[in-house]
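# Coordinate inspection notes
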Amino acid sequence: MGKRTYGTEYGFQTRAVHTGNDVDAETGAIKRPITMANSYELPYDPSDLNWSSAGKNLYTRNGGSNQQYLQEKLASLEGGEDCMVLASGVAALSGLFFALLQSGDHVIFSSVTYIAVYRLLNELFNNKFQVETTIVDTSDLDAIRKVIRPNTKLIHIETPGNPTLTVSDIRAIAEIAHEHGILLSVDNTFASPYNQRPIELGADFTIESLTKYINGHGDAMGGAIIGKKEYLDLIRAQSQVNLGATISPFNAWLIMRGSVTLPLRMKQHNENAMKVANYLKTVPGVRFVAYPGLEDDPGHEIAKKQMQPGYGGVLSFGLKADHDTHNRFVSHLNVITSAVSLGHDESLIVFLGENDERQDLYPEAFHDGFFRFSVGIEDAEDIIADLQQALEQEGLL
């Protein structure tokens with residue numbers, strides 16, 4: 001039997017199950033094996049090989065089998081031409097910026113982004129490599145237009161943004177960027193390709209922290225860049241082979257396994273988060289709830305256009321309480337775990353206090369401390385009951 005391929009004529013769930021997987025030629029196993037090798041057999045005459053060639057089974061830093069299978073699947077799910085998988089989401093972000101940017105280039109990026117993006121672009125690339133950067137509220141299209149310069153090379157957005165859930169209009173920003181010959185990259189981690197596919201909306205690159213929803217089980221790390229092959233070849237050669245942030249075969253295999261259930265898990269994440277957000281809106285002791293699925297959320301109308309069939313599993317909320325009460329509330333939780341990260345099968349909550357270095361970039365409601373809550377796939381009734389009993393203990397109902 002020859003290699004089976006699953007293109008866009010198949011549905012998302014079918015591709016999640018089958019793309020990148022095939023019958024193992026040697027054993028007949030119907031799942032790809034883990035190839036735990038760091039080196040591969042060379043041809044008869046290896047003297048003319050490019051030892052820094054990326055994507056070949058030569059040395060696992062250049063690329064390995066499990067990585068390639070996962071890349072095939074993710075390119076299909078994201079609607080992209082090619083994909084490169086690296087050791088973490090931050091490795092993917094760093095790899096993209098390192099390969100694309102040069103001294104003298106200008107980058108515009110969202111005021112609400114993952115902390116590593118803020119540090120990479122606002123501090124490290126700026127100070128070490130003289131890359132100019134401008135932070136802007138990318139939910140405001142006019143604000144983006146005003147800061148474009150002749151040397152603007154890249155606009156990088158995150159939507160929904162971490163941790164405020166700010167929504168940016170991908171299609172509209174792509175049009176603005178391409179009018180000026182600028183590339184657009186979108187961190188899609190909070191949405192996942194199940195809910196949102198930026199490349200189909202006009203973005204040049206999608207970045208995913210595979211550690212989160214695509215893996216979904218909290219047991220492996222990885223990151224992905226999806227885009228056109230001409231750019232991915234450049235990023236692969238410069239940022240994988242020469243920086244060495246290659247994913248391990250075992251992590252690639254774990255993420256491949258986890259990705260099969262992505263559609264099923266996301267349905268539950270979407271449904272649970274909506275129920276939890278609606279519940280929290282009714283609680284007298286809750287100061288605010290940020291979730292793009294709520295009709296009164298500032299980003300709801302744009303999210304409704306570009307996020308289908310759901311709005312993800314992350315929300316943020318604050319209590320009408322002081323700093324210590326927020327911490328005591330967390331200590332009462334039983335089903336929900338106090339931990340960083342998101343997109344796990346289990347519900348995770350983290351209290352972000354009043355001293356965040358980017359506090360002035362957040363909406364005012366976030367300035368007095370708040371929770372980022374990754375709603376898991378437990379029974380929604382149990383999640384809500386856990387929140388309720390913790391709120392009751394602090395007199396917030």
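The preceding data block contains the structure.
So, here's what we can say about the structure. Every value quoted in this text rests on a predicted model; they were computed, and no experiment measured them.

### Structural notes on unusual backbone geometry
That bond from Thr159 to Pro160 is cis: its omega, -10 degrees, falls within 30 degrees of zero. Relative to the elements of secondary structure, Pro160 occurs in the loop between β4 (152–158) and α6 (170–179). The residue after Gln308, namely Pro309, is reached through a cis peptide bond having omega 15 degrees. Positive phi values are uncommon outside glycine, yet Ser192 reaches one of about 75 degrees. Note that Ser192 resides in helix α7 (residues 192–195). One non-glycine residue with positive phi stands out, namely Ser341, at about 80 degrees.

### So, the sheet that holds strand β10 (residues 337–338)
Spatial ordering of the open sheet is given by β8-β9-β12-β11-β10, a layout of 5 strands whose pairing is mixed. Only two strands of the sheet have a single neighbouring strand rather than two, namely β8 (286–290) and β10. Lying over the sheet, helix α10 (residues 262–281) contacts β8, β9 (314–319) and β12 (370–374), oriented at roughly 15 degrees with respect to β9.

### Looking at the packing of aromatic side chains
Two measures describe an aromatic ring pair: the distance that separates the ring centres and the angle between the ring planes. Considering all chains together, one arrives at 15 aromatic pairs under this definition. When the ring of Phe97 is compared with that of Phe125, the centres are 6.2 Å apart and the planes differ by 85 degrees; the resulting orientation is edge-to-face. Of this pair, Phe97 sits in helix α3 (residues 89–100) while Phe125 is found in helix α4 (residues 115–129), placing the two residues 28 residues apart along the sequence. An identical accessibility class is assigned to Phe97 and Phe125; each is buried. A ring pair is formed by Phe250 and Trp253, whose centres lie 6.4 Å apart and whose planes are at 10 degrees; its orientation type is stacked. Taken together, the residues span about one helical turn, with Phe250 and Trp253 both in helix α9 (residues 249–259) at a distance of 3 residues.

### Description of the environment of Asp382
As for its placement among the helices and strands, Asp382 is situated in helix α13 (residues 380–393). Along the primary structure Asp382 and Ala303 are separated by 79 residues, whereas in three dimensions their C-alpha atoms are 27 Å apart.

### Here's the deal with the layout of surface pockets
Computed from the structure, the largest pocket encloses a volume of approximately 520 Å³. Every residue lining the largest pocket is counted, 29 residues in all, and those nearest its centre are Tyr114, Asn162, Lys212, Leu342 and Arg372. Secondary-structure elements contributing two or more residues to the lining of the largest pocket are α3, β6 (205–209) and β11 (348–352). Broken down by class, the residue content of the lining of the largest pocket amounts to 14 nonpolar, 8 polar and 7 charged. Looking at the second largest pocket, its volume works out to about 380 Å³. Lining the second largest pocket we find 22 residues, and of these Thr164, Thr166, Asp297, Pro298 and Pro363 sit closest to its centre. With 3 residues, the top contributor of residues to the lining of the second largest pocket is β8.

Conventions and cut-offs
- Residues numbered from 1 in each chain as written.
- Predicted model: local features only at pLDDT ≥ 70, side-chain atom pairs only at ≥ 80, totals over all residues.
- Heavy atoms only, no water.
- Helix = DSSP H or I, 4+ residues; strand = E, 2+ residues; numbered from the N terminus.
- Pairing = 2+ DSSP bridges.
- Contact = heavy atoms within 4.5 Å.
- Axes fitted to C-alpha atoms, helices over the stretch in contact; angles between N-to-C directions.
- Phe/Tyr/Trp six-rings, centres within 6.5 Å; stacked < 30°, edge-to-face > 60°.
- Buried < 20%, exposed > 50% of the residue type's maximum accessible area, 1.4 Å probe, protein only.
- 1 Å grid on protein atoms, 1.4 Å probe; cavity = no way out; pocket = protein on both sides within 12 Å on 5 of 7 lines; lining within 4 Å.
- Points joined across faces, edges and corners; volume = space filled by probe spheres on them.
- Nonpolar A, V, L, I, M, F, W, Y, C, P; charged D, E, K, R; others polar.

This is a description of form; function is not addressed.
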